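Structural features, examined
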Amino acid sequence: LRALYGIKDDKPESKAHKFWSSQPVPQVAVEEVGSEGAKPTAVEDQAAQVKIGPIDDEKTIEDVRKEPYNLPKGFEWCTINVADEAELKEAYTLLTEN
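Cut-offs and rules
Residues numbered from 1 in each chain as written. Predicted model: local features only at pLDDT ≥ 70, side-chain atom pairs only at ≥ 80, totals over all residues. Heavy atoms only, no water. Helix = DSSP H or I, 4+ residues; strand = E, 2+ residues; numbered from the N terminus. Buried < 20%, exposed > 50% of the residue type's maximum accessible area, 1.4 Å probe, protein only. Contact = heavy atoms within 4.5 Å. Areas by Shrake-Rupley, 256 points an atom, 1.4 Å probe, with all protein chains shown as cover. Expected span 1.5 Å × (residues − 1). Arc of directions from axis to C-beta. Polar contact = N/O pair within 3.5 Å; in protein donor to acceptor, adjacent residues only side chain to side chain. Phe/Tyr/Trp six-rings, centres within 6.5 Å; stacked < 30°, edge-to-face > 60°. Lys NZ or Arg CZ within 6 Å of the ring centre and 35° of its normal.

**A short note on the overall build of the chain**
When you go through the chain residue by residue, the secondary structure sums to two helices and zero strands. Within the chain, the fraction of its 98 residues that count as buried is 5%. The long-range fraction of contacts in the chain, counting pairs at least 24 apart against all pairs at least 6 apart in sequence, stands at 38%. Taken as a whole, the chain presents about 9,700 Å² of accessible surface, with 56% of it coming from carbon and sulfur.

**Here's the deal with helix α2 (residues 85–97)**
The first and last C-alpha atoms of α2 sit 18 Å apart over 13 residues, in line with the 18 Å expected at 1.5 Å per residue. Every buried residue of α2 is accounted for by Leu 88, Ala 91 and Tyr 92. Each buried residue of α2 sits inside an arc of 100° when the element is viewed along its axis, so together they form one side. Pointing more than 90 degrees away from the buried face of α2 are the exposed residues Ala 86, Glu 90, Leu 94 and Glu 97. Where α2 begins, one side-chain oxygen reaches toward the backbone nitrogen of Ala 86, 2.9 Å away; that side chain belongs to Asp 84.

**Let's talk about the packing of aromatic side chains**
Aromatic rings in a pair are described by how distant their centres are and how their planes are angled relative to each other. If you walk through the whole model with that rule in mind, you get one aromatic pair. Taking 4.9 Å as the distance between ring centres and 80° as the angle between the ring planes, the aromatic pair formed by Phe 19 and Trp 20 counts as edge-to-face. Here the guanidinium or amino end of Arg 65 rests over the ring plane of Tyr 69, the centre of that ring lying 3.9 Å away.

Shown next as structure tokens:
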């Protein structure tokens, strides 16, 4: 979606993630200016082990789940028509702002 709106996508390792950087999840290593020779922190050690790329291997149509996952009460699945500019913009806004 970002490409459709002409938004330049920086490399993941160059973005600051204030929330996620404070959470106990694998981190992406970021080189900081002036950090030469500094001993890596536990988070940086963990980040060095994280592989950047797809979460899952490529799937064929046969590998894709036929039935959607169950959602919590009050939620429902919907189909987005990506050819409809209004629906596409609504999905983009939902995903980028939440």
